[in-house]
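Descriptive analysis of the structure
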Amino acid sequence: MTSVGIVYHSGFGHTAALARAVGEGALSVPGTAARLVFAEDAARDPDALGAYDALVLGCPTYMAGPSAPFKEFLDATSAIWLRQGWKDKLAAGFTTSGGYSGDKLSTLTQLMLFAMQHGMVWVGLGLPDGGGSGTAPPDSLNRLGAYAGAMAKSDTDLGLEGTHDSDVATAAALGRRVAVCAQRWQREPVVSQKVPQTERPAR
Ligand SMILES: Cc1cc2nc3c(=O)[nH]c(=O)nc-3n(C[C@H](O)[C@H](O)[C@H](O)COP(=O)(O)O)c2cc1C
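To keep things clear, this report deals only with the structure shown in the data block. Because the structure is a prediction, the values reported are computed rather than measured. (Residues numbered from 1 in each chain as written. Predicted model: local features only at pLDDT ≥ 70, side-chain atom pairs only at ≥ 80, totals over all residues. Heavy atoms only, no water.)

1. Regarding the environment of Thr107
Its place among the elements puts Thr107 in helix H5 (residues 104-117). The class of Thr107 is buried, set by a relative accessible area of 0%. Separated by 95 residues in the primary sequence, Thr107 and Phe12 place their C-alpha atoms 17 Å from one another. Engagement of the side chain of Thr107 in a polar contact is seen with the side chain of Thr61, the distance being 2.8 Å. (Helix = DSSP H or I, 4+ residues; strand = E, 2+ residues; numbered from the N terminus. Buried < 20%, exposed > 50% of the residue type's maximum accessible area, 1.4 Å probe, protein only. Polar contact = N/O pair within 3.5 Å; in protein donor to acceptor, adjacent residues only side chain to side chain.)

2. Details of the site of the ligand
In the neighbourhood of the ligand, 18 residues make up the surrounding shell, with Ser10, His14, Thr15, Thr61 and Tyr62 lying closest. Here Gly99 contributes a backbone N or O atom positioned 2.8 Å from an oxygen atom of the ligand. Taking 650 Å² as the accessible area of the ligand by itself, protein coverage stands at 77%. Elements that contribute at least two residues to the shell around the ligand include exactly helix H1 (14-27), strand S3 (54-62) and strand S5 (90-97). For the shell around the ligand, the element with the most residues is S3, which contributes 3 residues. The class makeup of the residues in the shell around the ligand is 5 nonpolar, 13 polar and no charged. (Near = heavy atom within 4 Å. Areas by Shrake-Rupley, 256 points an atom, 1.4 Å probe, with all protein chains shown as cover. Nonpolar A, V, L, I, M, F, W, Y, C, P; charged D, E, K, R; others polar.)

3. Observations regarding the packing of H1 against helix H6 (residues 165-187)
At a minimum axis separation of 6 Å, H1 and H6 run at an interaxial angle of 40°. Classified by the angle between their axes, H1 and H6 sit oblique to one another. Relative to H6, H1 is oriented so that their crossing is right-handed. Taking contact as the criterion, the partners of Leu18, Ala21, Val22, Gly25 and Ala26 in H1 are, on H6, Asp167, Val168, Ala171, Ala172, Gly175, Arg176 and Ala179. The residue inventory of the contact of H1 with H6, partitioned by class, reads 8 nonpolar, 2 polar and 2 charged. (Axes fitted to C-alpha atoms, helices over the stretch in contact; angles between N-to-C directions. Parallel < 35°, antiparallel > 145°, perpendicular 65-115°, else oblique. Left-handed = near helix turned anticlockwise from the far one by under 90°. Contact = heavy atoms within 4.5 Å.)

4. With respect to the packing of aromatic side chains
Applying the stated criterion across every chain yields a total of 3 aromatic pairs. Aromatic pair Phe70 and Phe73: ring centres 5.3 Å apart, planes at 70°, arrangement edge-to-face. In this pair, Phe70 and Phe73 are both assigned in helix H3 (residues 68-76), 3 residues apart and thus about one turn of the helix distant. Of the two residues, Phe70 and Phe73, neither departs from the other in class, the shared state being buried. Here the aromatic cluster, defined as three or more aromatic residues joined through ring pairs, consists of Phe70, Phe73 and Phe114. Lys153 extends its terminal NZ or CZ atom over the ring of Tyr100, reaching a point 5.2 Å from the ring centre. (Phe/Tyr/Trp six-rings, centres within 6.5 Å; stacked < 30°, edge-to-face > 60°. Lys NZ or Arg CZ within 6 Å of the ring centre and 35° of its normal.)

Written out as C-alpha cells, the structure is:
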C-alpha cells in the first residue's frame, strides 16, 4: 500500500474542490491510500507528513504566489529541510486563480522549488496541452496547458460554481499520476545517492 498526502489551503473552497479531485484520482489506483490535510494543521505538525510516500501540495494563487497560510506551512518545514528528512519523497502541486494566467505559474514554480530544496522528486502533470489548438474543445483535460502541475481557473464571481469540470478532471489526473509513480517508486531498489566528496572522475 502506498500513501499520498494532499496538503492544501483554500480560502473560498476552489482549491478544496481540486484537492478532493486529486484524492479521488489517487484512490482510483488500487493499492493507494490518500488523505487530505489542511495546511494549517500541517504547519503545526509538519513531521506527521513524513509517513506519506508522496505529498501533493495545493493552494490558491494570491497576489502572484502561494496563499499566506500555505506559505506558513512551507516555512514550518525548515527543520525537516535542515536534516533533509523528505529527501527522495515524491512531490507534486496544483493551484487555481481567477485569471487564465493570473500569474499562477509563479505559485507552481514556488511549490516545485520548495520540493527541490527538500531533495524531493517532482512529478509533473504529464498531460499534453489541451487548449493549444483552435479545434480543442474548451473543456479539454489540461485546457490551461500546464506541465509543472495542475492548474485551474476559477470564475470568482460564480463562487464554487466557477470551478470548471475540466480543471477538476485535470486535478484528478494529477492524483492518479502521483499514485502510479509512488507505486513504481516504491518498487525500485533504493540505491545510495551519497556522493563522494573527495574523488574526481578519471579524465
Ligand atoms: C488575497 C487574494 C489574492 C488573489 N490574487 C490573485 C492573483 O494574483 N491572480 C489571480 O488570477 N487571482 C487572484 N485571486 C483570486 C483567487 O486566486 C481565486 O479566487 C481562487 O479561486 C481562490 O481559491 P480558493 O477558493 O481556494 O481560496 C486572489 C484572491 C485573493 C482573495
